[in-house]
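Inside the fold
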Amino acid sequence: MTMTMIAELDQLERKIQAAAKLLDRLREEKHALERDNRELKERVRVLENSVGKERSSDLKPKLHELELERTSLLDERRAIARRVEEMLVKLSILEKAVHA
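Residues numbered from 1 in each chain as written. Predicted model: local features only at pLDDT ≥ 70, side-chain atom pairs only at ≥ 80, totals over all residues. Heavy atoms only, no water.

1. Side note on the overall build of the protein
Just so we agree on the cut-off: Helix and strand definitions here come from DSSP, where helices need a minimum of 4 consecutive H or I residues and strands a minimum of 2 consecutive E residues; each element is numbered from the N-terminal end. The size measure is the radius of gyration over C-alpha atoms, and the globule rule it meets is 2.2 Å times the number of residues to the 0.38 power. Burial status follows relative accessibility: with a 1.4 Å probe on protein chains alone, a residue under 20% of its type maximum counts as buried, one over 50% as exposed, and anything between as partly exposed. A contact between two residues is defined here by any heavy atoms of the two lying within 4.5 Å. Each accessible area is a Shrake-Rupley estimate made with a 1.4 Å probe; only the visible protein chains count as cover when residues are assessed. Charge assignment: positive for Lys and Arg, negative for Asp and Glu; neither His nor the chain ends contribute. For the purpose of locating charges, the reference atoms are NZ of Lys, CZ of Arg, CG of Asp and CD of Glu.
Counting secondary structure elements, the protein contains two helices and zero strands. Taking 100 residues into account, the globule formula puts the C-alpha radius of gyration at 13 Å, and the protein, at 22 Å, lies well above it. Counting only C-alpha atoms, the protein reaches 75 × 15 × 15 Å along its principal axes. Buried residues in the protein amount to 22% of all 100 residues. Put simply, 71% of the contacts in the protein that link residues at least 6 apart link residues at least 24 apart. Counting every atom, the protein has about 7600 Å² of accessible surface; 54% of that belongs to carbon and sulfur. Across the protein, the centroid of the 22 positively charged side chains sits 3 Å from that of the 21 negatively charged ones.

If you want it as structure tokens, here you go:
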């Protein structure tokens, strides 16, 4: 093996390690978003029950705000899931290249 190949393999290894760290961070973010989503669903449920009982007009804007926040979090979750999938594909390609 030439020094150039060793240097290229070292660089590839660093890239794989960076990708693995990114995947870990994205997984952590995904778990946090899932937790937030569960909490928001519960808050929405509680508010829906309150609105149903009280018919208070001041709770409806809050409910709408929470629904928008939940939608936003779901969108973020989907984006993160797509990024994780893309990174897994790239990581798989890099692993195949290393082991080829």
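2. Focus on the pattern of salt bridges
Note the threshold: The rule for a salt bridge is simple: a side-chain nitrogen of Lys or Arg has to be within 4 Å of a carboxyl oxygen of Asp or Glu.
Enumeration according to the criterion identifies eight salt bridges in this entry. Residues Lys30 and Glu34 are paired through a salt bridge, measuring 4.0 Å at the closest nitrogen-oxygen approach. Here the residue Lys30 and the residue Glu34 both occupy positions in helix α1 (residues 3-54), the gap between them amounting to four residues, near one helical turn. Classification of Lys30 as partly exposed rests on a relative accessible area of 30%. By relative accessible area, which is 18% here, Glu34 ends up buried. We note a salt bridge from Glu39 to Arg35, for which the minimum N-O separation is 3.9 Å. Highlighted residues: Glu39 and Arg35, both in helix α1, separated by four residues, approximately one helical turn. By relative accessible area, which is 44% here, Glu39 ends up partly exposed. Through salt bridges with shared partners, a single ionic network connects Lys30, Glu34 and Arg77.

3. A word on the environment of Glu76
Positionally, Glu76 belongs in helix α2 (residues 59-99). Under the relative-accessibility criterion, Glu76 is labelled partly exposed at 41%. For the pair Glu76 and Ser92, spaced 16 residues apart in the sequence, the C-alpha separation amounts to 24 Å.

4. As for α2
We apply this condition: Take the residue count of a helix, subtract one, and multiply by 1.5 Å to get its expected span.
Here α2 contains 41 residues, and its C-alpha end-to-end distance of 59 Å stays within 8% of the 60 Å for a straight helix at 1.5 Å per residue. Among the residues of α2, Leu59, Leu63, Leu66, Leu73, Leu74, Ile80, Val84, Met87 and Leu91 are the ones counted as buried.

5. A look at the environment of Arg77
Mapped onto the elements of the fold, Arg77 is located in helix α2. A relative accessible area of 30% places Arg77 in the partly exposed class. Separated by 45 residues in sequence, Arg77 and Ala32 place their C-alpha atoms 9.5 Å apart. The contact partners of Arg77, leaving out residues within four places of it in the chain, are Leu33, Glu34 and Asn37.

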